[in-house]
Amino acid sequence: MTTKSAAAAARATVYGYPRQGQSRELKKAIEGYWKGRVTANALQDTAAELRRSNWRQLADAGIHEVPTGDFSYYDHVLDTSVMVGAIPTRHRAAVDADALDGYFAMARGTQDVAPLEMTKWFDTNYHYLVPELGPDTVFIADTTKQVAELKEALALGLTARPVVVGPVTYLLLAKPAPGVPADFEPLTLLDRLLPVYAEVLADLRAAGAEWVQLDEPALVQDRTPAELNAATRAYRDLGALTDRPKLLVASYFDRLGDALPVLAKAPVEGLALDFTEGASANLGDLASVGGLPGKRLVAGVVNGRNIWVNDLTKSLSTLGTLLGLADRVDVAASCSLLHVPIDAAAERDIDPQILRWLAFARQKTSEIVTLATGLAQGTGAIAGELAANRADLASRATSPITHDPAVRARTAAVTDADARRSQPYPERATAQRAHLGLPLLPTTTIGSFPQTGELRAARADLRAGRIDTAGYEERIKAEIGEVISFQEKTGLDVLVHGEPERNDMVQYFAEQLTGYLATQHGWVQSYGTRYVRPPILAGDISRPEPMTVRWTTYAQSLTSRPVKGMLTGPVTMLAWSFVRDDQPLGDTARQVALALRDEVDDLEAAGTSVIQVDEPALRETLPLRATDRPAYLAWATEAFRLTTSGVRPATQIHTHMCYAEFGDIVQAIDDLDADVISLEAARSHMQVARELAAHGYPREAGPGVYDIHSPRVPSTEEAAGLLRTGLKAIPAERLWVNPDCGLKTRGWPETRVSLEHLVTAARTVREELSSS
């Protein structure tokens, strides 16, 4: 096909779309179902209407090929486990009894059965359910969901492309099932899994699919020769099938690297590649392998993970280059639009000029269609759009929001000494133990306590003017008093104020820092029915006034036990926001760190002896390629130390991380130089404690003994058993006892019992140690 005909054939598509609905209808229906207020049929009707609405919006916007199968009640990797029949033995009875309830049991657990482990989807804040596999795993195809959703779209008269997690990525995301040797490699099951994928493809073809998209994002990571050989074999075998649709193998989040020639040579009809800034090397790599003659290329030139308007002229230039490298070039976002909010037009509180800098899912869809039109018909067809886009980009570049001379002068003056504690850890530990007087195996929580309906109603009443600020603050004081009283009665050693005044651990601070924008409707799925509204980091950052000191000191006034000051760390403030793309991330991190440093210093001056700076996103933001990691870890750990290093030796600095793979960043955790770290460990059976021990981690740690992302209440013996496992790796004098994460999403009844069991478990093991 000639370049001209390739341009004429250009089409617009997306890999996936936000699932929740503009008003989070899916979240409300699912949680209503869990509580017995919504029937299964009503839930299914809500989901079907959301799918139809999404497809119609995409088609009306000019998207030529809509995705199906990307919609999920909880997680698309869990959906894949169901599709291939990889149901853990402990969940089989629940799934057989009721498929929907069994599905949610795998996701959330029950009182008697633990859920699947949950961790981050590559370097995003989306969480997936980890498949559990072993040498005895038997795969069985179940295409009910995929076929039904394809037929729904086709019935609307739409061109539809089913989207399925690819077999290599699925196995690389999996872990050995409980009881299976830790060195078992799920990828060895590939030959057993491929026939099931063959059945899936045949069923989708029979249902009317012309194309099927197989997502292989794991191939953008560093892969061994054996793993690349597995990819070669997988797509050789799937490509050789006669009873199948055309195959589009999709990658995103980074460059393909060594996997690109593997997929370019595979007998598949198309590849989807990321061509945004972080994956720009794909362009040169594609040229170096001779392009994709005879294949379809779906070019991800619109950033699917951030919310800034696209530089249309730059993207058209990239697309023009690609026209000479494939028989057909289509236009898409760099990944599923799952990672951005739905519609910027719904934001009424953002300045209209600034709003023009933003592109949520609907606006990105329009950008994709505009680029496809320009590619197919020439720039004259989109002259108005290009002129408006240039004006919007210029407006942002010259705005005073994006450049504060005082902030830039302060960051430029930072020295290495500013990011180092005044004394080494052993000396600090001695001072802290003398000052705090804590027992062996001290107990604490991560920070937040349940956000009750009353608290949410109080915030709504304040926004609506039904109560004044004084009335709202009285409600917050009452809640803090109850939280402190409960913790004292339960026997916790280091207390928290419970964060009743906070809406979200990032948004709360963003709303008090200059340079950030907050949204009203910018919801993005984090996991299951948990949605967050990431703030927008639009300009230079500073802290006008203290953010947490008042409520922390009020809580401390109610008790003689230490109350932790609670902050969100600079890396997480970036990772869980939509960051600016007009300067290096390290520069932005340093600005945020200095703003937080002011808060840490003010907390200490107000008498706070324990200050926790949470960095759950440190591992999440780790670049997918090893060569890119040292630079990231250097600025990320420096930003944390810059936040925390101004305090006295006797002030104890905590940090917290959760729901990620920590083994490959243990040195970075060490480099943070925090006095105490708490980490998620309950679902992974204390794996992180063993990883810390193997590294020789020298400071104090609290691997979690209570999984807070499940409604089940752990027994005292269960918590004690995890604690004993932790003691095999971490000495008792350096081991803390805590939940995996904050308790914001849990209800008070389960929280009370769970923490009582946690404290009893600590006392039990403490007594065992004293008597041994």
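The structure presented is a predicted model; accordingly, all values stated were derived computationally and were not measured.

Caption draft 1: Geometry of the overall build of the protein. Each helix and strand in the protein was counted, giving 29 helices and 20 strands. Taking 28 Å as the expected radius of gyration for a compact globule of 772 residues, we find that the protein reaches 26 Å, a close match to that expectation. In terms of overall dimensions, the protein has a C-alpha envelope of 75 × 60 × 50 Å along the principal axes. Sorting the 772 residues of the protein into buried and exposed places 62% on the buried side. Of the contacts formed within the protein by residues at least 6 apart in sequence, a portion of 80% connects residues at least 24 apart. In the protein, 79 side chains carry a positive charge and 98 a negative one; their mean positions are 2 Å apart.

Caption draft 2: Spatial organisation of the packing of aromatic side chains. For the structure on display, the rule yields 17 aromatic pairs. Measuring from ring centre to ring centre gives 6.0 Å for Trp121 and Tyr128, while their planes differ by 75 degrees; the resulting arrangement is edge-to-face. Residue Tyr128 is classed as buried on the basis of its relative accessible area, which comes to 6%. The aromatic ring of Trp523 is capped on one face by Arg24, whose charged end is 3.7 Å from the ring centroid. For Arg296, the ring lying beneath its charged end belongs to Trp211, and the centroid distance is 4.7 Å.

Caption draft 3: Focus on the side chain of Ser81. Within the secondary structure, Ser81 is located in helix α4 (residues 76-83). Each residue touching Ser81, except ones within four places of it in the same chain, is listed here: Ala86, Ile87, Pro131 and Tyr170.

Caption draft 4: Quick peek at the side chain of Glu117. By the secondary structure assignment, Glu117 is in the loop between α6 (99-108) and β2 (118-120). The exposure class assigned to Glu117 is buried, which follows from its relative accessible area of 13%. Polar side-chain contacts of Glu117 include one of 2.7 Å to the side chain of Lys175.

Caption draft 5: Representation of the sheet that holds strand β7 (residues 211-215) within the structure. Ordered by their spatial adjacency, seven strands build an open sheet running β1-β5-β7-β8-β9-β10-β11, and the pairing between neighbours is parallel. Strands at the two margins of the open sheet, each flanked by one partner only, are β1 (66-68) and β11 (326-333). Across the sheet, the axes of successive neighbouring strands diverge by a mean angle of 30 degrees, strand direction being ignored. In the sheet, β1 pairs with strand β5 (residues 160-165) via three bridges, with the strands oriented parallel. The residue of β5 that forms the bridge with Val66 is Ala160.

Caption draft 6: Inspection of the sheet that holds strand β18 (residues 652-657) at higher detail. Ordered by their spatial adjacency, five strands build an open sheet running β16-β17-β18-β19-β20, and the pairing between neighbours is parallel. Either end of the sheet is taken by a strand with one partner, and the two such strands are β16 (564-568) and β20 (700-703). Across this sheet, the average inter-strand angle for adjacent strands is 20 degrees, counted without regard to direction. Where β16 meets strand β17 (residues 610-614), five bridges bridge the pair, whose relative direction is parallel. When the bridges of β17 are listed, Lys564 appears paired with Val610. Its contacts with the sheet put helix α24 (residues 585-605) on β16 and β17, and the angle it makes with β16 is roughly 175 degrees.

Caption draft 7: Examining helix α7 (residues 144-155) more closely. In this model α7 runs 16 Å from its N-terminal to its C-terminal C-alpha over 12 residues, within 8% of the 16 Å that 1.5 Å per residue would give. Buried within α7 are the following residues: Gln146, Val147, Glu149, Leu150 and Ala153. Where the residues of α7 are buried, they touch α3 (40-61), β1, α4, β5 and α9 (190-206). Backbone geometry just downstream of α7 places Gly157 in the positive-phi region, at approximately 80 degrees.

Caption draft 8: Spatial organisation of empty space enclosed by the protein. Applying the stated criterion to the full structure yields five cavities of 30 Å³ or more. Of the volumes computed, that of the largest cavity is approximately 510 Å³. Secondary structure elements with two or more residues in the lining of the largest cavity: β13 (524-527), β14 (530-532) and β16. At three residues, β16 tops the list of elements feeding residues into the lining of the largest cavity. Among the residues forming the lining of the largest cavity, the class breakdown is 14 nonpolar, 12 polar and eight charged. Roughly 230 Å³ of volume is contained in the second largest cavity. Lining the second largest cavity are 22 residues; nearest its centre among them are Arg19, Asp70, His76, Val163 and Asp215. Broken down by secondary-structure element, the contributors of at least two residues to the lining of the second largest cavity are α4, α7 and β5. Ranked by residues supplied to the lining of the second largest cavity, first place goes to α4 with four residues. Looking at the lining of the second largest cavity residue by residue, the classes come out as 10 nonpolar, seven polar and five charged.

Caption draft 9: Focus on the environment of Pro534. Along the chain, Pro534 falls in the loop between β14 and β15 (536-542). Given a relative accessible area of 9%, Pro534 falls into the buried group. For the pair Pro534 and Ala575, spaced 41 residues apart in sequence, the C-alpha separation works out to 9.1 Å. Leaving out residues up to four positions away in the same chain, Pro534 has contacts with Gly522, Val524, Trp576, Ser577 and Phe578.

Caption draft 10: A look at the pattern of salt bridges. Across all of its chains, the model carries 53 salt bridges by this definition. With a closest N to O distance of 3.0 Å, Lys27 and Glu31 form a salt bridge. With Lys27 and Glu31 both in helix α2 (residues 25-34) and four residues apart, this pair spans about one turn of that helix. A relative accessible area of 18% means that Lys27 is categorised as buried. The salt bridge involving Glu717 is made with Arg724; its shortest N-O contact spans 2.8 Å.

Caption draft 11: Representation of helix α16 (residues 383-397) within the structure. Taking 1.5 Å of rise per residue, the 15 residues of α16 would be expected to cover 21 Å, and the 21 Å separating its terminal C-alpha atoms lies within 8% of that figure. Along α16, the residues that are buried comprise Leu386, Asn389, Asp392, Ser395 and Arg396. Buried residues belonging to α16 abut α13 (312-322) and α14 (352-355).

Caption draft 12: Molecular detail of the pairing of β18. For β18, a buried count of six out of six residues is recorded, marking the element as mostly surrounded by other parts of the structure. A two-sided burial pattern is seen for β18, the buried positions comprising Gln652, His654 and His656 on one face and Ile653, Thr655 and Met657 on the other. In this sheet, β18 lies alongside β17 in parallel orientation, the contact comprising three bridges. Bridge assignment links Ile611 to a residue of β18, and that residue is Ile653. The parallel pair β17 and β18 is bridged by helix α25 (residues 629-644), and the resulting crossover is right-handed. Where β18 and strand β19 (residues 676-679) come together, four bridges link them in parallel fashion. Bridging from a neighbouring strand, His654 pairs with Val676 of β19.

Caption draft 13: Representation of the nonpolar core within the structure. Residues Leu319 and Leu358 are the most contacted members of the largest nonpolar core, which totals 123 residues. Per-element tally for this core: the top contributor is α9, with eight residues. In this view, Leu358 contacts Ile307, Trp308, Val309, Ala344, Ile350, Gln363 and Ile536; residues no more than four positions away in its chain are not counted. If you look at the next biggest cluster of nonpolar residues, it comprises 97 residues, including Leu567, Leu633, Ile665 and Ala719.

Calculation rules
- Residues numbered from 1 in each chain as written.
- Predicted model: local features only at pLDDT ≥ 70, side-chain atom pairs only at ≥ 80, totals over all residues.
- Heavy atoms only, no water.
- Helix = DSSP H or I, 4+ residues; strand = E, 2+ residues; numbered from the N terminus.
- Rg over C-alpha atoms; globule rule 2.2 N^0.38 Å.
- Buried < 20%, exposed > 50% of the residue type's maximum accessible area, 1.4 Å probe, protein only.
- Contact = heavy atoms within 4.5 Å.
- Lys, Arg positive; Asp, Glu negative; His and termini not counted.
- Charge placed at Lys NZ, Arg CZ, Asp CG, Glu CD.
- Phe/Tyr/Trp six-rings, centres within 6.5 Å; stacked < 30°, edge-to-face > 60°.
- Lys NZ or Arg CZ within 6 Å of the ring centre and 35° of its normal.
- Polar contact = N/O pair within 3.5 Å; in protein donor to acceptor, adjacent residues only side chain to side chain.
- Pairing = 2+ DSSP bridges.
- Axes fitted to C-alpha atoms, helices over the stretch in contact; angles between N-to-C directions.
- Expected span 1.5 Å × (residues − 1).
- 1 Å grid on protein atoms, 1.4 Å probe; cavity = no way out; pocket = protein on both sides within 12 Å on 5 of 7 lines; lining within 4 Å.
- Points joined across faces, edges and corners; volume = space filled by probe spheres on them.
- Nonpolar A, V, L, I, M, F, W, Y, C, P; charged D, E, K, R; others polar.
- Salt bridge = Lys/Arg side-chain N within 4 Å of Asp/Glu carboxyl O.
- Right-handed = clockwise from strand over helix to strand, strands pointing away.
- Core = buried A, V, L, I, M, F, W, Y, C linked by side-chain atoms within 4.5 Å.

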